[in-house]
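Here's the letter readout for the chains.
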Amino acid sequence: AYSQYIKSIHDIRKVIDMFSLAGFFLIAYILIFRFNEIGNGRLGDIFFGSAIRFSYIIVPITMIYLWKLIFSDKTKPISIIDFVCTIVSFYYCIMSGGRKSVLLPIMFLVLLILFKYAKKPIKSVLTFSILSIIGISLFDFIMTNPTVYSTFGYRMESFVNFLSGSSEYDTSISKRVTMANYALKMFKDKPFLGYGMNNFSYYYASVSGYEVYSHNNFLELLVSGGIVMFLVYYFIYIYMLVKLFAI
């Protein structure tokens, strides 16, 4: 929809500024009117009806502010407001309690740095070194602050336990592992064309009683349309990444 308005880099910046302004109002609204909900369960559960729905808004906003910080106009200093909004919006991501809500902005930041300093390895190493120190400090804050730990820290701890092979992880991960294993079994039975759109939920309901999607986009596509749909769907993303790294 926005492509008809975007004719230059300047137009892209205008669109990004528009979204960042909307993000500023959301950030300010929460600070002013919903401050008491921060740390009182997962942020977004009350005023958005779901922390997951809230993450669909706050994660892109955080990414936009990260982009503005990394690719700021060289003729202008970094805006203090943009910097503060980046920190606060990322904090909102943490307090929403979602693992992806925290990991996606971090992965996006890594990609931004790789794109910006692709031909400047020294700056790239220096930047990642600084970010590693910040990351370690952030992890310590998440795991030692009682309010943050009770909302997000224990979920991250559970995720780390799962990756390390420990059996001590929460029911959320346990359910996802069960769904992933069932999806892989379905994919192995029909690897090329799959079972048709949204049929994972139908088959999974027959054995679990819960009609839900697989909670994994890759597996959902593989079950729905097999390898064919998976390659068709992700081709454009792979193509764009190759083109971006070639610039």
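Structure first, text after, so check above.
A. Spatial organisation of the overall build of the protein chain. The helix and strand inventory of the protein chain stands at 9 helices and 0 strands. Overall, the protein chain shows an N-to-C arrangement of helices and strands of α-α-α-α-α-α-α-α-α. Dimensions along the principal axes, computed over C-alpha positions, put the protein chain at roughly 60 × 45 × 35 Å. Looking at the protein chain as a whole, 33% of its 247 residues qualify as buried. The contacts in the protein chain between residues at least 6 apart in sequence include a share of 59% that link residues at least 24 apart. Approximately 15700 Å² of the protein chain is accessible, and the part contributed by carbon and sulfur atoms is 69%.

B. Region of the structure containing the packing of aromatic side chains. Counted under the stated rule, the structure contains 19 aromatic pairs. Ring plane angle 75° and centroid distance 5.2 Å describe the contact between phenylalanine 47 and phenylalanine 48, whose orientation is recorded as edge-to-face. Using a relative accessible area of 17% as the deciding quantity, one classes phenylalanine 47 as buried. A ring pair is formed by tyrosine 202 and tyrosine 203, whose centres lie 5.5 Å apart and whose planes are at 85°; its orientation type is edge-to-face.

C. Seen up close, unusual backbone geometry. Backbone geometry places asparagine 198, a non-glycine residue, at a positive phi of 65°. The class for asparagine 198 is partly exposed, based on a relative accessible area of 47%. A positive phi angle, close to 60°, is found at histidine 215, a residue other than glycine. Looking at where histidine 215 falls in the secondary structure, it is placed in the loop between α8 (199–208) and α9 (217–246). Overall, histidine 215 belongs to the partly exposed group, its relative accessible area being 30%.

D. Region of interest: the nonpolar core. One finds Ile30, Leu43, Phe54, Ile58, Tyr92 and Ile94 to be the most contacted residues of the largest nonpolar core, which totals 24 residues. When contributions to this core are tallied by element, the ones reaching two or more residues are α1 (9–33), α2 (51–70), α3 (80–95) and α6 (146–163). A per-element tally of this core places α3 first, with 7 residues. Not counting chain neighbours up to four residues away, the residues in contact with phenylalanine 54 comprise Leu26, Ile30, Leu43, Gly44, Phe47, Phe48, Tyr92 and Ser96. One finds Met179, Ala180, Ala183 and Tyr204 within the second-largest nonpolar core, a separate group that totals 12 residues.

E. Representation of the side chain of serine 89. Mapped onto the elements of the fold, serine 89 is located in helix α3. Take serine 89: its relative accessible area is 0%, and that puts it in the buried class. Among the polar contacts listed, one links the side chain of serine 89 to the side chain of threonine 62, at a separation of 3.2 Å. What serine 89 contacts, discounting residues up to four positions off in sequence, is Ile27, Ile58, Ile61, Thr62 and Tyr65.

F. Examining the environment of tyrosine 203 more closely. Looking at the secondary structure, you find tyrosine 203 in helix α8. Spatially, the C-alpha atoms of tyrosine 203 and tyrosine 182 are 9.4 Å apart, while their sequence positions differ by 21 residues. Tyrosine 203 has contacts with Tyr182, Met186 and Tyr195, leaving out every residue within four places of it along the chain.

G. Quick look at the side chain of serine 101. Relative to the helices and strands, serine 101 resides in helix α4 (residues 99–116). Ignoring any residue separated from it by four or fewer positions in sequence, one finds serine 101 in contact with Ser55, Val59, Cys93 and Ser96.

Procedures and definitions
Here the residue numbers are simple positions, counted from 1 along each chain's written sequence. For this predicted model, a pLDDT threshold of at least 70 governs which residues receive local features, and a threshold of 80 or more governs which side-chain atom pairs are given and counted, while totals over whole chains, interfaces and linings are taken from all residues. To obtain the side-chain values, all non-hydrogen atoms of the structure were included, while hydrogens and water were left out. A run of DSSP states H or I qualifies as a helix once it reaches four residues; a run of E qualifies as a strand once it reaches two. Both are numbered from the N-terminal end. A 1.4 Å probe rolled over the protein chains alone gives each residue an accessible area, and that area as a share of the maximum for its type sets the label: buried under 20%, exposed over 50%, partly exposed in between. When checking whether two residues touch, look at their non-hydrogen atoms; a contact exists if any pair is within 4.5 Å. Using a 1.4 Å probe, accessible areas were evaluated by the Shrake-Rupley method; residue-level cover was limited to the displayed protein chains. Think of it this way: a Phe, Tyr or Trp ring, Trp meaning its six-membered ring, pairs with another when their centres are within 6.5 Å, and the plane angle makes it stacked under 30 degrees, edge-to-face over 60, tilted otherwise. As used here, the term nonpolar core means buried Ala, Val, Leu, Ile, Met, Phe, Trp, Tyr and Cys residues forming a set that is joined through side-chain atoms within 4.5 Å. In protein, a polar contact requires one atom able to donate a hydrogen and another able to accept it; more generally it is a pair of N or O atoms within 3.5 Å, and residues adjacent in sequence count only if both atoms are side-chain atoms.

What is shown is where atoms sit, not what they do.
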